Amino acid sequence: MSKIGYLGRPGSYSHQAATTLRPEGTHVAYPSFDDLVAATEAGEVAEAVLPLENSESGRIPDIHRLVVSMELFIVGELLLDVSHCLVTPGPAVEAEIHSIFSHPQGFLQSSRFLKERFADAQRRTRSDTASAVADVVEAGDRHMAAIGSEFAARHYGATVLHRDISNRDDNITRFAIVGREALTDGAHDMSSLIIQVGHKPGSLVQALAVFGQHGVNITKLETYMISERTELPTFYLDIGCGGEAENLIAAMRDIQPHISYSKFLGSYRSDPRRSGRNGFLKP
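Structure report, in brief.

1. Looking at the overall build of the protein
- Counting secondary structure elements, the protein contains 9 helices and 15 strands.
- Compactness check: the protein gives a C-alpha radius of gyration of 20 Å against a globular reference of 19 Å for 283 residues, within 12% of the reference.
- Overall size of the protein, expressed as C-alpha extent along the three principal axes, is 65 × 45 × 35 Å.
- Counting over 283 residues, the protein shows a buried share of 50%.
- Put simply, 76% of the contacts in the protein that link residues at least 6 apart link residues at least 24 apart.
- Surface exposure of the protein reaches about 13,100 Å², of which carbon and sulfur atoms provide 50%.
- A gap of 3 Å separates the mean positions of the 27 positive and 35 negative side-chain charges of the protein.

2. With respect to the pattern of salt bridges
- Under the criterion given, the structure shown has 17 salt bridges.
- Residues Asp81 and Arg273 are paired through a salt bridge, measuring 3.0 Å at the closest nitrogen-oxygen approach. Here the residue Asp81 occupies a position in strand 5 (residues 73-81), and Arg273 occupies one in the segment after strand 15 (261-268), the gap between them amounting to 192 residues.
- Judged by its relative accessible area of 41%, Asp81 is partly exposed.
- Within this structure, Glu53, Arg59, Glu77, Arg174, Lys220, Glu222, Asp238 and Arg274 form a network of salt bridges that share partners.

3. A closer look at empty space enclosed by the protein
- Enumeration according to the criterion identifies 2 cavities of 30 Å³ or more in this entry.
- The calculated volume of the largest cavity comes to roughly 270 Å³.
- At the level of elements, helix 1 (13-21), helix 4 (104-109) and strand 11 (172-179) are the ones that each hand at least two residues to the lining of the largest cavity.
- Broken down by element, the residue count for the lining of the largest cavity peaks at 3 residues, all from helix 4.
- Taken together, the residues of the lining of the largest cavity break down into 7 nonpolar, 10 polar and 1 charged.

4. Some thoughts on the packing of aromatic side chains
- One pass over the structure, following the stated rule, counts 1 aromatic pair.
- On the basis of an interplanar angle of 50° and a centroid distance of 5.9 Å, the ring pair of Phe113 and Phe118 is categorised as tilted.

Each value, and the rule that gives it
Residues numbered from 1 in each chain as written. Predicted model: local features only at pLDDT ≥ 70, side-chain atom pairs only at ≥ 80, totals over all residues. Heavy atoms only, no water. Helix = DSSP H or I, 4+ residues; strand = E, 2+ residues; numbered from the N terminus. Rg over C-alpha atoms; globule rule 2.2 N^0.38 Å. Buried < 20%, exposed > 50% of the residue type's maximum accessible area, 1.4 Å probe, protein only. Contact = heavy atoms within 4.5 Å. Areas by Shrake-Rupley, 256 points an atom, 1.4 Å probe, with all protein chains shown as cover. Lys, Arg positive; Asp, Glu negative; His and termini not counted. Charge placed at Lys NZ, Arg CZ, Asp CG, Glu CD. Salt bridge = Lys/Arg side-chain N within 4 Å of Asp/Glu carboxyl O. 1 Å grid on protein atoms, 1.4 Å probe; cavity = no way out; pocket = protein on both sides within 12 Å on 5 of 7 lines; lining within 4 Å. Points joined across faces, edges and corners; volume = space filled by probe spheres on them. Nonpolar A, V, L, I, M, F, W, Y, C, P; charged D, E, K, R; others polar. Phe/Tyr/Trp six-rings, centres within 6.5 Å; stacked < 30°, edge-to-face > 60°.

Shown next, in the form of structure tokens:
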């Protein structure tokens with residue numbers, strides 16, 4: 001049975017995504033994204049599940065940074081509902097809660113609820129939402145609460161005090177499953193890649209025009225900050241066709257004079273839930 005790596009403790013959204021994407025696998029937790037990617041590159045696990053972006057708070061910065069240099073390929077994606085709850089070790093009185101634990105994304109995605117109901121409560125950061133729930137349950141202090149999933153609450157035996165506290169009803173995190181080998185299949189309808197262009201006027205426009213000339217739809221375009229890893233203007237793209245598509249192959253051939261570097265990140269089937277309404281465009 002294949003080993004599938006994910007971030008954080010059992011009960012995290014990443015754990016939930018891993019069990020959804022690979023229900024028959026053996027799911028292995030890692031404490032950080034760097035450890036998770038390194039373990040997958042080294043073959044300790046066959047694949048890893050990585051959160052790429054959230055419909056409320058945008059891209060996940062740590063993963064966005066790792067994607068540039070990781071020696072792994074995206075082989076699938078999942079749009080997972082992130083339905084945050086406020087959980088406590090047991091029955092609790094809201095007015096007595098003075099400390100709330102969560103991952104920074106949990107605080108950001110539930111900011112309106114916290115401002116309205118717990119403006120004065122101390123925010124205490126944890127590496128993931130499952131760790132926040134686990135720590136609160138272990139402490140057993142009625143003055144503490146955590147923001148996490150009902151999945152985590154059930155796993156650790158916590159009490160759900162409030163459900164559906166996210167800022168948006170359609171709070172969705174896009175997860176990718178990555179492996180050491182790129183997959184190609186005629187049924188794939190999405191690909192992801194990195195390109196670098198010259199630092200001169202019109203460079204990006206000229207490069208992107210090639211995709212349009214070959215009928216390749218770009219569903220996402222994001223820029224990287226200049227750094228040691230990205231010394232030239234660097235962009236992440238999601239493309240609306242698989243790696244075997246003739247028009248993408250032709251576009252990548254013709255784009256070469258307009259770019260200084262490209263990296264193919266993988267070809268895969270898009271999640272059927274993609275739509276303009278939830279912010280994840282169809283290919």
